[in-house]
Amino acid sequence: MLAGAGSDSDRCGQTGRVLHLATTWMTPDMDDDTDDDTDDDTGAIDDDMFRFDPPQLDVDEALRIARDRWGIDGVGRRLPGERSFNTWIETPSGRRFVLKIQSAGEDPATIDLHARALVHVERRAPHLPVARMLPTSDGELVPGVSIGGRIHPARMVTYLPGHDFDGADAVSERGLRAIGALIGALAAALSDFEHPAAGGFMAWDLANGLAVDPAMRDSIGPESIRVLEQADDRLHRAVDLMPSLPHQVIHNDGHAGNLLRPHPGSDEVCGVIDFGDVVHTIRVADVAIAGESFAPTADDPAGALARITAGYHAHHRLTSREIAAIPDLVLVRMALTIVLLEHQIVAVPHLATRAERHLPHVVRATERWLGLDPDRLVERIEAAMDDES
């Protein structure tokens, strides 16, 4: 989402912020005045924290920015984006790019983190199938671009061809191992990456405490509340454990929608996209995120999780404590997804329809995951690792 792989000393304070987010959500006029006679000391959710607010423009304006700042001219179309306005561009020669323009409220240092992570991977592991950063004509990686009188951080990357795994039929054992291997190789490439913005708040960071924070549950639906309450003991146990696990900068977004395959019928992974959730956090989160995306709905959930983990472990070694935590960390990812989807339904109009459509599937998958024995899941992971060795 900046020490080397396995380090849990330099940045544990970042994950130590879990369960203390209510203080950061207090609005400016809310203080802890001891004369206040109310008993409510929970903070209000500050929507600006999440940055689910891409700029409003049209593709023609994005193409003008690409032409003026990068010297790239072509046709374009909009791509989906949670926190950025994304434009696919194809030049007359057939070269393809993606221009990503962030909210004016986004810290440019955060976008620089995303850009520098890609540059680092290109240098450390040029064989990995990730996008490449393109500086502007005058050499800037993250320029500010003017839209409606406000300055927005922007970046340009090469376009990776392929089809994502969303809605994919059952992924083979070989395909799941390959997914884990790619995520593990990417984590290994990032293991020595450092950036001053890497320890900042990231909504999709498993270690940020949102999955168990009462403030996130104030206005969510009864089905979500029911499944979260069933999960709470395990969620709190995982949150308490996280500060002691190894930390590093990770991709933090290797789900089915960001993993590419050559064609819809394939389960060969050929790319990973979207570095917009990069953060310094528990390194095993990458396994939990991919596991949450593929395992709960698989015919053999334990086998799917085991194969992803074994593939990852072959490229970036996990400790026994990390392996034991994976089933509950998958559950944390599910709970975090539920509370953020509920928030998007209420507070983020451009994401509300998609969130409403996706939420019931996540709730059902969480119910299924809660029915699985976490000890048995760990046994299957360990057996898969033995098969790899």
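Residues numbered from 1 in each chain as written. Predicted model: local features only at pLDDT ≥ 70, side-chain atom pairs only at ≥ 80, totals over all residues. Heavy atoms only, no water.

(A) Quick peek at the overall build of the chain. The helix and strand inventory of the chain stands at ten helices and eleven strands. By residue count, 56% of the 389 residues in the chain fall in the buried class. Summed over its atoms, the accessible surface of the chain is roughly 16,600 Å², and 47% of this surface lies on carbon and sulfur atoms. (Helix = DSSP H or I, 4+ residues; strand = E, 2+ residues; numbered from the N terminus. Buried < 20%, exposed > 50% of the residue type's maximum accessible area, 1.4 Å probe, protein only. Areas by Shrake-Rupley, 256 points an atom, 1.4 Å probe, with all protein chains shown as cover.)

(B) Region of interest: the nonpolar core. Ranked by internal contacts, the top residues of the largest apolar core, which has 106 residues, are Phe294, Leu329 and Leu340. Looking at this core element by element, the count peaks at 14 residues for helix H8 (residues 320-347). Apart from residues lying up to four places away in sequence, phenylalanine 294 is in contact with Phe165, Val171, Leu176, Ile179, Ala256, Leu259, Ala304 and Ile308. Residues Ala62, Leu63, Phe85 and Ile101 belong to the second largest nonpolar core, which totals 18 residues. (Core = buried A, V, L, I, M, F, W, Y, C linked by side-chain atoms within 4.5 Å. Contact = heavy atoms within 4.5 Å.)

(C) Examining the packing of aromatic side chains more closely. Evaluated as defined, the whole model comprises two aromatic pairs. Here the aromatic rings of tryptophan 88 and tyrosine 159 are separated by 6.3 Å at their centres, their planes lie at 80°, and the arrangement is edge-to-face. Note that tryptophan 88 is positioned in strand S2 (residues 84-90) and tyrosine 159 in the loop between strand S6 (150-158) and strand S7 (163-164), a separation of 71 residues in sequence. A residue is classified by how much of its surface remains accessible, and tryptophan 88, at 10% relative accessible area, is buried. Ring centres of phenylalanine 165 and phenylalanine 294 lie 5.9 Å apart, and the angle between their planes is 80°; on these two criteria the pair is classed as edge-to-face. (Phe/Tyr/Trp six-rings, centres within 6.5 Å; stacked < 30°, edge-to-face > 60°.)

(D) Main features of the pairing of S2. Most of S2 sits out of view: six of its seven residues are buried. Relative to S2, strand S1 (residues 75-79) is paired through five bridges, and the arrangement is antiparallel. Across the sheet, valine 75 pairs through a bridge with glutamate 90, a residue of S2. From the end of S1 to the start of S2, which pair antiparallel, there are four residues. (Pairing = 2+ DSSP bridges.)

(E) Structural view of helix H2 (residues 59-70). Counted at 1.5 Å a residue, the expected span for H2 with its twelve residues is 16 Å, and the 16 Å between its end C-alpha atoms agrees. Of all the residues in H2, the buried ones are Val59, Ala62, Leu63, Ile65, Ala66 and Trp70. One side of H2 carries all its buried residues, which in axial view fall inside an arc of 155°. Contacts made by the buried residues of H2 are with S1, S2, strand S3 (96-102), strand S4 (133-134), strand S5 (144-147) and S6. Remark: glycine 71 follows H2 within two positions and exhibits a positive phi of approximately 70°. (Expected span 1.5 Å × (residues − 1). Arc of directions from axis to C-beta.)

(F) Here's a closer look at the pattern of salt bridges. Using the criterion set out here, one finds 21 salt bridges in the structure. A salt bridge links arginine 69 to glutamate 140, with the nearest nitrogen and oxygen atoms 2.9 Å apart. With arginine 69 in helix H2 and glutamate 140 in the loop between S4 and S5, this pair connects stretches of sequence that are 71 residues apart. Owing to a relative accessible area of 22%, arginine 69 belongs among the partly exposed residues under this scheme. Residue classification places glutamate 140 among the partly exposed residues on the basis of a relative accessible area of 32%. Here arginine 283 and glutamate 322 are joined by a salt bridge, their closest N and O atoms 2.7 Å apart. Of this pair, arginine 283 sits in the loop between strand S11 (279-282) and helix H6 (285-294) while glutamate 322 sits in helix H8; the two residues are 39 residues apart in sequence, bridging distant segments of the chain. Note on accessibility: arginine 283 and glutamate 322 belong to one class, buried. (Salt bridge = Lys/Arg side-chain N within 4 Å of Asp/Glu carboxyl O.)

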